[in-house]
Structure formats: structure tokens, C-alpha cells
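# Descriptive analysis of the structure
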Amino acid sequence: MAFRLSFSLLSLILLCLANTSESFREPKVQAFLHPIYKDKATKLYSLPLAVGTAFSRDFVIDFNGAAPLLLNCATAVKSTSYHSIRCDSTRCKFANPNTSCPKNITNNKPTCRKYVSTSLSARPVNARLLRDTQGRTYDLSYTPEGVFVMDTGKISTLTLTCTDDATALKPIPKAFGGYIGFGNNHLSIPSQLVPMYKLPPKMSLCLPSTEGMESYPGGLWIGGGPFYYLPYLKDVSKIFASTPLIGNNKGEYLIDVKSIEIGGKTIPILHGPTKICTLAPYTVLQSSVYKALVTAFVGSVKMDKAPTAKPFSACFHSDGGRGVPVIDLVMSGGAKWMIHGSNSLVKVSKDVVCLGFVDGGVNPKNPILIGGFQMEDNLVQFDLKASKFSFSSSLLLHNTSCSIARLFGM
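Presented here is a report on the structure given in the accompanying data block. (Residues numbered from 1 in each chain as written. Predicted model: local features only at pLDDT ≥ 70, side-chain atom pairs only at ≥ 80, totals over all residues. Heavy atoms only, no water.)

Mapped onto the elements, T274 comes out in strand β18 (residues 274-276). With a relative accessible area of 0%, T274 lands in the buried category. The residues touching T274, leaving out its near neighbours within four places in the chain, are Y253, L254, I255, V257, I368 and I370. (Helix = DSSP H or I, 4+ residues; strand = E, 2+ residues; numbered from the N terminus. Buried < 20%, exposed > 50% of the residue type's maximum accessible area, 1.4 Å probe, protein only. Contact = heavy atoms within 4.5 Å.)

Glancing now at helix α6 (residues 287-300). For α6, built from 14 residues, the straight-helix expectation of 20 Å at 1.5 Å per residue is met to within 8% by its first-to-last C-alpha distance of 20 Å. Every buried residue of α6 is listed here: S287, V289, Y290, L293, V294, A296 and F297. (Expected span 1.5 Å × (residues − 1).)

This next bit is on the state of the cysteines. Summed over all chains, the structure comprises 4 disulfides. With its sulfur 2.0 Å from that of its partner, C206 forms a disulfide with C402. Taking the sign of the S-S torsion, about -80° here, the bridge from C206 to C402 comes out left-handed. Of the two residues, C206 is situated in strand β12 (residues 202-206) and C402 in the segment after β29 (388-394); the sequence distance between them amounts to 196 residues. A relative accessible area of 0% means that C206 is categorised as buried. Bridging C315 to C354, the disulfide has an S-S length of 2.0 Å. Around the S-S axis, the bridge from C315 to C354 shows a dihedral of about 100° and counts as right-handed. Taken as a pair, C315 in strand β21 (residues 315-317) and C354 in strand β25 (residues 352-355) lie far apart in primary sequence, 39 residues in all. Each member of the pair C315 and C354 is classed as buried. (Disulfide = S-S within 2.5 Å.)

All chains considered together, the criterion is met by 8 salt bridges. With its nearest N and O atoms 2.7 Å apart, the salt bridge here joins K38 to E376. Taken as a pair, K38 in strand β1 (residues 31-38) and E376 in the loop between α8 (372-375) and β28 (378-383) lie far apart in primary sequence, 338 residues in all. The same class applies to K38 and to E376, which are both buried. If you follow the salt bridges from partner to partner, you end up with R113, R128 and D164 in one network. (Salt bridge = Lys/Arg side-chain N within 4 Å of Asp/Glu carboxyl O.)

All right, on to the pairing of strand β3 (residues 55-62) then. Across the 8 residues that make up β3, a large majority, 6, are buried. Relative to β3, strand β2 (residues 45-51) runs antiparallel, the two being bridged by 6 bridges. Counterpart to P48 in the pairing with β3 is D58. With 4 bridges joining them, β3 and strand β11 (residues 178-181) adopt parallel strand pairing. Bridged to I61 within β11 is I180. (Pairing = 2+ DSSP bridges.)

As enumerated under the stated definition, the model contains 1 cavity of 30 Å³ or more in all. Along its surface, the largest cavity is lined by 10 residues, and V51, L71, A76, S79 and D132 are the ones closest to its centre. At the level of secondary structure, the elements contributing two or more residues to the lining of the largest cavity comprise α2 (73-76) and β7 (125-135). (1 Å grid on protein atoms, 1.4 Å probe; cavity = no way out; pocket = protein on both sides within 12 Å on 5 of 7 lines; lining within 4 Å. Points joined across faces, edges and corners; volume = space filled by probe spheres on them.)

As summarised here, the arrangement of the 4 strands in space is β17-β16-β22-β23, forming an open sheet in which the pairing is antiparallel. With partners counted over all chains shown, the strands left at the sheet margins are β17 (265-268) and β23 (336-339), one partner each. When the angles between neighbouring strand axes are averaged without regard to direction, this sheet yields 20°. Summarising the sheet, strand β16 (residues 257-262) and β17 pair through 4 bridges and their orientation is antiparallel. Residue pairing across strands places I260 opposite I267, the latter belonging to β17. (Axes fitted to C-alpha atoms, helices over the stretch in contact; angles between N-to-C directions.)

Now for the nonpolar core. Counting 68 residues, the largest nonpolar core has F63, I180, L220, I260, I327, W337 and F389 as its most contacted members. At 6 residues, α6 tops the list of elements feeding residues into this core. Apart from the residues lying within four places of it in its own chain, the contact partners of I180 are L47, L49, F59, V60, I61, D62, A67, P68, L69 and I189. Counting 17 residues, the second largest nonpolar core, distinct from the first, contains A66, Y179, C277 and L369. (Core = buried A, V, L, I, M, F, W, Y, C linked by side-chain atoms within 4.5 Å.)

Moving on, we get to the pairing of β1. Most of β1 is tucked away, with 8 of its 8 residues classed as buried. Every second residue of β1 is oriented toward a common face, with A31, L33, P35 and Y37 on one face and F32, H34, I36 and K38 on the other, all of them buried. Where β1 meets strand β13 (residues 218-223), 6 bridges bridge the pair, whose relative direction is antiparallel. The residue of β13 that forms the bridge with A31 is G223. In this sheet, β2 lies alongside β1 in antiparallel orientation, the contact comprising 2 bridges. By the bridge assignment for β2, K38 is matched with Y45. Adjacent in sequence and paired antiparallel, β1 and β2 are bridged by 6 residues, among which K43 carries a positive phi angle near 65°.

Another point: unusual backbone geometry. Residue P226 is reached from G225 by a cis peptide bond, and omega for that bond is 10°. Positioned with a positive phi, S387 is a non-glycine residue whose angle comes to about 55°. Structurally, S387 can be placed in the loop between β28 and β29. Its identity is not glycine, yet S393 carries a phi of approximately 60°, on the positive side. Note that S393 resides in strand β29. By relative accessible area, S393 is classed as buried at 4%.

Everything listed here is a matter of coordinates, which is why it stays silent on function.
What follows is the structure, encoded as C-alpha cells:
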């Protein structure tokens, strides 16, 4: 009897060990997740990154920028893992530099250079190409039940850029180490990570509404879902609405907003694509569209008017106000991006809120420039293979937000 009991116990132990060994087999990476923070002083969104051995800094997110990572060259070369990319090398040719390399030079070939555009510089930036490691990323895999398995161990060697042009970096506030660009081009960090780890060619963004490093961050996802934002128990991608992305040769993220609906009124958008831009703190509208939106909103909102506060032209006393109309961006294909009060009204003082849209003038490049405030606590996805833009509308409606606790360890 004792033998049978011992055998049974030993069998259970071996079974547990076998299952444990199986469960600890390294899963396939399905996505990379980067924390996103909102700076209190500048309202800019940034990613904390470790570049080589030189330093760890926060980099401003330039969602339409062509530079994978743009920092000061004097800082970049201090890294012991820094490698210059030389002219006529395979990596230089892959980058498609704007100028050809000098001929008849066999030794000490010059550094590969490329002009890259950023959203904060009026002209393309003359940048050097380099290879270095990039860390502080989090690779994710999932169990069949959708539970995250996070690993902070991945450090990837990527093609980056630096510049000696001080004027190109001047618009960046001193709190940040440079730009990180996510423009739709072959040099962007997502474009490099996707084939490296065989990820789905998708990028998802959840901007935080909370400010400062002491708060929970939002997230940038490179790769596929599912996307879980507790306490909401479902995959957020299941509530996505979608519209086509409009391609262009600058790698910008453009969509076709046909009209704006508010309070039973429709405001047509006549000319040009809508651009998505995280550097704009608030959505910018062409003047006639802006004036029509303000008129419709003021006519529908059930709150008392308050003195205006720049840059806004419609402000209200928020004490007890409940009647805030939903602003619908009606997309090509009929999908509606619903903008609720948390994404339409900006708190400017204890008792005053303002309509968080600004006048972009008579002839802006885009009739609508969707800014960061309207995207906060919304999960949006850019499916680069299907050329599709998807969005959840406000996660607050589902009792969650972009700023939830994850084991980032920072």
C-alpha cells in the first residue's frame, strides 16, 4: 500500500515537473510594448529608451517623422556599442541615401548620410546613419486564455540616425534626448522590428491622459494583439471600428473624414485628407470647419458660458454641467469615431472647461489635424499591411483607460 502511495506521489511530482517544464518553454514574441508618458510641462508624449551604453532618455514621439531615432551625434558616439554605417555598405544602400558616396575610395569610407524629415523642422535634417542597441522594450506573448507574458530581456540592434545640426534639435525641449519617428517607411523602428521578430505589421497607440512619470503610462504596441485593459475583460480590438489609411510618399498617417456630426447637425469636410499628429496638443480645424463646430457645440451643450481662455474660443462653467454632446468624426466607409466629453473638453481651471479644438486658419495643409488630446484613452491601430486605421473610441466608457498598471518596472 505504501509503495502504491509512494508511486502515486512520485507520478504526480513528475507530471507537475513535466507540465512546469512545458509551461516555461520560451513563447514566441507576438508584440513589443513600449510605455508612453505625457510630460506635465510641454504636454508632449514620449518613450523612455536606452540607446547603446551612452544614456537612457525620454524621446519625443514624432508619429509622422521619418527618422527612426534622431539624437545628437556627439552623444551617440559615446556609446561603446556605437557603429558607424559606411557609404556603399549594404545597410547604407538599404537606407536609400539622398546623395551618392564618393568614388575611388577604398579605405576609410565616409559615413552614410540621409536627409530625414521631422514634424518640428521646416526642412529635412542632414543625418548620419549608425547601428546601436536599443533597449527598455517589453516583448509580449500570450497564453491561450489571453494572459500576458512579459519579458524585459530583448535588446535589439537597429539602424538609427544622429545629426550634428544643432538647429534641427533646437525645437526639442531640454527634458528630452531627441525624436523618435514612427512614419510609415522602411527605416522606422517598427519596420525594423517586424521582420526581425516576424511580427504582424501593425502598430497600436494608447495615449495616456495622466501626466508625469509617477503615473501609470500609456502604451505603444508593435505587432499584434489581443489588447487587454483591465478591468475591461474583453479584447479591446473586438470593439474597433475601421477606415482605410490613405497612402502618400511622405509616410504620413492620413485618413478620410467625410463630415463631423454634432447635436443633429452635419458639418461637411470638403477638401483634403485628415492627418493624425501626436505633436499637436489639440485637434486643429480649418477655419470654416472650426467655426461651424463651435456654433453647433455651443448650441447643443447644456452648460453656462464662461470667459474664453487661449487658444480656445468656447468655454463653459463646469459645475454641475452634464449635457455634453458627442462629436462624431464620420469616416470613409461610414465608421464613426465618437469623441465624448473627456476628449472634447479641456479643464483650464477649477470650474471652467473649454472646447479642446483650435482654429488652424483659412488654408491649412490638412482640413483636420487630429491632436493628442482627442486620442487620449482611445486605442488606435495602424494596420500597415491592410492599409487600415482602427479605433476603439473612449476606453473610459468601458471603465478602463490607457493608463493602467503593467509590470514595466519603472
